[in-house]
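Observations on the three-dimensional arrangement
Residue-level listing of the chains:
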Amino acid sequence: DAGVIQSPRHEVTEMGQEVTLRCKPISGHDYLFWYRQTMMRGLELLIYFNNNVPIDDSGMPEDRFSAKMPNASFSTLKIQPSEPRDSAVYFCASSLWGYYEQYFGPGTRLTVT
Amino acid sequence: QKEVEQDPGPLSVPEGAIVSLNCTYSNSAFQYFMWYRQYSRKGPELLMYTYSSGNKEDGRFTAQVDKSSKYISLFIRDSQPSDSATYLCAMSDLLFSGNTGKLIFGQGTTLQVKP
């Protein structure tokens, strides 16, 4: 298996622009997690899905952030409009019910200028 | 106060040293404790997993959980330059049960092992 796939790996955009981050989980995994990592705040859970349904979005910082999972093999995290304080590394992870291990993707490094 | 506290370091040790990494937490409901290792510009990978209190050993790595003190540790014996990474503790109250079960991560401790 190729593992969790994220795209793009790097994104540089200007303040006010829309940003879409993409994730393909490991085939067969039924949980998908979106995290944000910064030096100041560490790794924060933004939202997670179970069987494509959002379960907990309490970590989503503002209405500017939205996430969807239209099918078992694809999820997006969108920021509209983006702001400089959104600059961070965004990770997607997936896991299988009954197993504690989360498998992380390589991350998307977002820079908003 | 954060639910999980972890000294971000950085921690620099000579090759062969014993390394001790620690986290404290405030939520007494946490039962599942993990250590993830993250190399530079990579995603975290699970290193060790412990349920409830006690010790677990895997090669050069030992994880300890003291629930009475709300304190967990990761020990690395005979540290190697390849151990240079950020180590994140993570914990959960109940995995995959309703709306709970999400992992709460510490901030991570950056470790450098010098040859």
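Structure shown above.
Just so you know, these numbers come straight off a predicted model, no measurement behind them.

Calculation rules
Residues numbered from 1 in each chain as written. Chains lettered and ligands numbered in written order. Predicted model: local features only at pLDDT ≥ 70, side-chain atom pairs only at ≥ 80, totals over all residues. Heavy atoms only, no water. Helix = DSSP H or I, 4+ residues; strand = E, 2+ residues; numbered from the N terminus. Rg over C-alpha atoms; globule rule 2.2 N^0.38 Å. Buried < 20%, exposed > 50% of the residue type's maximum accessible area, 1.4 Å probe, protein only. Areas by Shrake-Rupley, 256 points an atom, 1.4 Å probe, with all protein chains shown as cover. Lys, Arg positive; Asp, Glu negative; His and termini not counted. Charge placed at Lys NZ, Arg CZ, Asp CG, Glu CD. Phe/Tyr/Trp six-rings, centres within 6.5 Å; stacked < 30°, edge-to-face > 60°. Disulfide = S-S within 2.5 Å. Pairing = 2+ DSSP bridges. Axes fitted to C-alpha atoms, helices over the stretch in contact; angles between N-to-C directions. Contact = heavy atoms within 4.5 Å.

1. Some words on the overall build of chain B
Secondary structure assignment for chain B yields 0 helices and 11 strands. Mapped from its N terminus to its C terminus, chain B presents α and β elements in the order β-β-β-β-β-β-β-β-β-β-β. Here the C-alpha atoms of chain B give a radius of gyration of 14 Å, agreeing with the 13 Å that 2.2 N^0.38 yields for 115 residues. Across its three principal directions, the C-alpha atoms of chain B cover 45 × 30 × 25 Å. Evaluated residue by residue, chain B yields a buried proportion of 43% over its 115 residues. Total accessible area on chain B stands at roughly 5,500 Å², and carbon and sulfur atoms take up 47% of it. Charge centroids of chain B, computed over 11 positive and 11 negative side chains, lie 4 Å from each other.

2. A few points about the packing of aromatic side chains
Applying the stated criterion across every chain yields a total of 14 aromatic pairs over all chains. Ring centres of Phe91(A) and Phe104(A) lie 6.2 Å apart, and the angle between their planes is 80°; this geometry places the pair in the edge-to-face category. Of this pair, Phe91(A) sits in strand S9 (residues 88-95) while Phe104(A) sits in strand S10 (residues 103-104); the two residues are 13 residues apart in sequence, bridging distant segments of the chain. Aromatic pair Phe104(A) and Phe105(B): ring centres 6.1 Å apart, planes at 85°, arrangement edge-to-face. Of the two residues, Phe104(A) sits in strand S10 while Phe105(B) sits in strand S10 (residues 104-105), which places them in two different chains. Phe105(B) carries the same exposure label as Phe104(A), and that label is buried. Grouping aromatic residues by their ring pairs yields a cluster made of Tyr31(A), Phe33(A), Tyr35(A), Tyr48(A), Phe91(A), Phe104(A), Tyr36(B) and Phe105(B).

3. Section: the state of the cysteines
Tallied over the full model, the rule gives 2 disulfides over all chains. The disulfide bridge from Cys23(A) ends at Cys92(A), spanning 1.8 Å between sulfur atoms. For the disulfide bridge between Cys23(A) and Cys92(A), the dihedral angle about the S-S bond is near -65°, and by the sign convention the bridge is left-handed. Taken as a pair, Cys23(A) in strand S3 (residues 19-24) and Cys92(A) in strand S9 lie far apart in primary sequence, 69 residues in all. When sorted by exposure, Cys23(A) lands in the same class as Cys92(A), which is buried. Covalently, Cys23(B) is tied to Cys89(B) through a disulfide, its sulfur atoms 2.0 Å apart. One disulfide, between Cys23(B) and Cys89(B), carries an S-S torsion of -100° and so falls in the left-handed class. With a gap of 66 residues between them, Cys23(B) in strand S3 (residues 19-25) and Cys89(B) in strand S9 (residues 85-92) connect regions that are remote in the sequence. For the pair Cys23(B) and Cys89(B), a shared accessibility class is recorded, and that class is buried.

4. Let's talk about the sheet that holds strand S8 (residues 71-76) of chain B
All names here are of chain B. Here 5 strands make up an open sheet; going across it, the order is S1-S3-S8-S7-S6 and the pairing antiparallel. With partners counted over all chains shown, the strands left at the sheet margins are strand S1 (4-6) and strand S6 (54-58), one partner each. Along the sheet, successive strands turn relative to each other by an average axial angle of 15°, direction set aside. As defined by bridge partners, S6 adjoins strand S7 (residues 61-66) across 5 bridges and the pair is classed as antiparallel. Each residue of the ladder has a partner; that of Asp-58, found in S7, is Phe-61.

5. Points about the environment of Thr13(A)
All names here are of chain A. By the element assignment, Thr-13 lies in strand S2 (residues 10-13). Spatially, the C-alpha atoms of Thr-13 and Tyr-99 are 37 Å apart, while their sequence positions differ by 86 residues. Leave out the neighbours within four places in its chain, and Thr-13 touches Val-19, Ser-82, Leu-110, Thr-111, Val-112 and Thr-113.

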